[in-house]
Amino acid sequence: ASPQQRQRVSVLGSTGSIGVNTLDVLARHPERYEVFALSAMSRVDELAAQCLQWRPRFAVMPEAAKAAELRRVLREQGSQTEVLDGAAALAEIAAHPDVDAVMAAIVGAAGLAPCLAAARAGKRLLLANKEAIVVGGALFMQAVEQGGAMLLPVDSEHSAIFQCLPEDPSTWAQRIDHIVLTASGGPFRQRDPASLADVTPEQAVAHPNWVMGRKISVDSATMMNKALEVIEARWLFHLRPEQIKVVIHPQSIIHSMVVCRDRSVLAQLGTPDMRVPIAYALSFPERVESGAEQLDFLAKPTLTFEDADERRFPGLHLSWQALRAAEGSTAVLNAANEEAVAAFLERRLRFDHIYRVNRQSLEELHPEAGECASVEGLLALDARARRHAQALIAELSA
Ligand code: NAD
Ligand code: MG
């Protein structure tokens, strides 16, 4: 491809685990991709280094003080990158007319507005930011449809399902009986559930198979990550809650499966490396080199499967409960979980109380009709649920 045909990519959350892996894949294909914009919340030095390497047109830091610092560092280095600040700037680089693809790799509901902006502008939207679709729900999918965007999953399980399905989404409903999301079980798969009260943030973020950001690592330990993925799958693949099942697969080799109407089971396998789903989302329907290691069938241990036991992983089951409750309940669950995880990481909340905050928030807070009709409504609901969760956290830690 000539330089004019290169895809111009905005990376939201470029200093994070997914962001860095995305740049790693992009660097392998300079003839196919160029970076249009980068953004991060903190870590000015890392974002500055990325800007010097990639020479994007824009860099965004939502906080003005951080942006000013970045501007100063880049100016000293003679960089041409223009630094923007404010939350609206994220939507701007997501929807800019010169952008082809947006990697949504911000963590949390903070990524909702830029995702919607990219969707409405008809971009190729590479979705790692699962919280955005969990909060956005029907509104998110509407924005994708109305904007004519192409929504591509980056979450490894959803990428696996997507890779097992034909390219034409209109054929999916007819084929799928149900899907099976695999879960590693996280670091506490074999630990006595009664001992979870004493878990420290350091223990919780030490995932056996994947190196990830802190929030998703805690979510993997509580299985709330899988709960969010159940909700994500409901929207991405237009499924009913009962069509989504979860099984523990500790080796993380099978990334998820589609069980077809005729009982044929399709699975996608590979080494646990996020560059594979990232490369697929970038290059679909083609495939490009990702940098991941080949799966060595003979070196790998047996593939095993276990039940996702409700007593050990109570948080997982909140996903189906939220999907069957009033619209907006998944946004409530997500907001409670974001607050609970932050409190746990700051040592203000016990590990096993994350579940209590999530369950109680879901049961006590009732979304009002109409709150899910606009991004403003959803963000207000998100804020209301966070206040509710904060009060529960204060009670539990008193
Ligand atoms: P991370 O914490 O490593 O990185 C998050 C990035 O977002 C950073 O660049 C940070 O500066 C930026 N950011 C954080 N808060 C922000 C805010 N309020 N506004 C703007 N930018 C903000 O997280 P991660 O592990 O890369 O995960 C990113 C997303 O991808 C999450 O939604 C996660 O669930 C999802 N995901 C991650 C993995 C993985 O392997 N890490 C796998 C599947 C899905
Ligand atoms: Mg996943």
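Keep in mind that this is a model prediction, so the values were computed, not measured.

Enquirer: Could you give me a rundown of the UniProt feature "binding site: NADPH" (unreviewed entry) in the chain, with the residues and numbers involved?
Expert: Those residues carrying the UniProt feature "binding site: NADPH" (unreviewed entry) are Thr15, Gly16, Ser17, Ile18, Asn129, Glu131 and Gly213 in this numbering. Here glycine 16 shows up in the loop between strand 1 (7-12) and helix 1 (17-27). Residues within four places of glycine 16 in sequence aside, it is in contact with Ala105, Val107 and Gly213. Taking the number of C-beta atoms within 10 Å as the measure of exposure, glycine 213 has 16 and is therefore partly exposed.

Enquirer: Any chance you could break down the environment of glutamine 50 for me, citing the residues and the numbers?
Expert: Mapping glutamine 50 onto the fold places it in helix 2 (residues 44-54). Measuring from C-alpha to C-alpha, the distance between glutamine 50 and glycine 136 comes to 30 Å, with 86 residues separating the pair along the chain. Discounting residues that sit within four places of it in the chain, glutamine 50 has contacts with Ser14, Leu23 and Leu38.

Enquirer: Could you give an account of helix 15 (residues 353-364), naming the residues involved and the relevant values?
Expert: Look at helix 15: 16 Å from first C-alpha to last across 12 residues, which is about the 16 Å you get at 1.5 Å a residue. Within helix 15, burial applies to His353, Ile354, Tyr355, Val357, Asn358, Ser361 and Leu362.

Enquirer: Can you lay out the site of ligand 1 for me, pointing to particular residues and giving the numbers?
Expert: Residues in contact with ligand 1 amount to 25 residues; listed here are only the nearest, Gly13, Gly16, Ala110, Met212 and Gly213. No other element matches helix 1, which puts 3 residues into the shell around ligand 1. The class makeup of the residues in the shell around ligand 1 is 13 nonpolar, 9 polar and 3 charged.

Enquirer: So what's going on with the nonpolar core? Residues and values would help.
Expert: Ranked by size, the top nonpolar core spans 129 residues in total, and within it Val102, Met103, Ala104, Leu125, Leu126, Ile179 and Ala340 carry the most contacts. Looking at which element gives the most residues to this core, the answer is helix 14 (residues 329-345), with 9 residues. Discounting residues that sit within four places of it in the chain, alanine 104 has contacts with Leu12, Gly111, Pro114, Cys115, Leu125, Leu126, Leu127, Ala128, Asn129 and Ala132.

Enquirer: Residue-level account of the sheet that holds strand 12 (residues 306-307), with values.
Expert: Taken in spatial order, the 5 strands line up as 11-10-8-9-12 in an open sheet, and their pairing is mixed. Looking along the sheet, the strands with just one partner apiece sit at the ends: strand 11 (265-269) and strand 12. By the bridge criterion, 5 bridges tie strand 8 (residues 176-183) to strand 10 (residues 254-260) in an arrangement that is antiparallel. Residue pairing for strand 10: isoleucine 176 is matched across the bridge by cysteine 260. Relative to the sheet, helix 7 (residues 156-164) contacts strand 8, strand 10 and strand 11, its axis offset from that of strand 10 by approximately 40°. Those strands touched by helix 11 (residues 224-236) are strand 8 and strand 9 (244-248), and its axis lies near 155° from that of strand 8.

Enquirer: Account for the packing of helix 10 (residues 214-222) against helix 14, naming residues and giving values.
Expert: Running from N to C, helix 10 and helix 14 point in directions that differ by 100°, and their axes come no closer than 10 Å. By the angle between their directions, the pair helix 10 and helix 14 is classed as roughly perpendicular. Of the residues in helix 14, those in contact with Arg214, Lys215, Val218 and Asp219 of helix 10 are Val341, Phe344 and Leu345. Of the residues contributing to the contact of helix 10 with helix 14, the split by class is 4 nonpolar, no polar and 3 charged.

The rules behind the values
Residues numbered from 1 in each chain as written. Chains lettered and ligands numbered in written order. Predicted model: local features only at pLDDT ≥ 70, side-chain atom pairs only at ≥ 80, totals over all residues. UniProt positions renumbered as here; feature names shortened; annotations may be inferred. Helix = DSSP H or I, 4+ residues; strand = E, 2+ residues; numbered from the N terminus. Contact = placed C-beta atoms within 7 Å. Buried ≥ 20, exposed ≤ 12 C-beta atoms within 10 Å, placed from the backbone. Expected span 1.5 Å × (residues − 1). Near = placed C-beta within 6 Å. Nonpolar A, V, L, I, M, F, W, Y, C, P; charged D, E, K, R; others polar. Core = buried A, V, L, I, M, F, W, Y, C linked by C-beta atoms within 7 Å. Pairing = 2+ DSSP bridges. Axes fitted to C-alpha atoms, helices over the stretch in contact; angles between N-to-C directions. Parallel < 35°, antiparallel > 145°, perpendicular 65-115°, else oblique.

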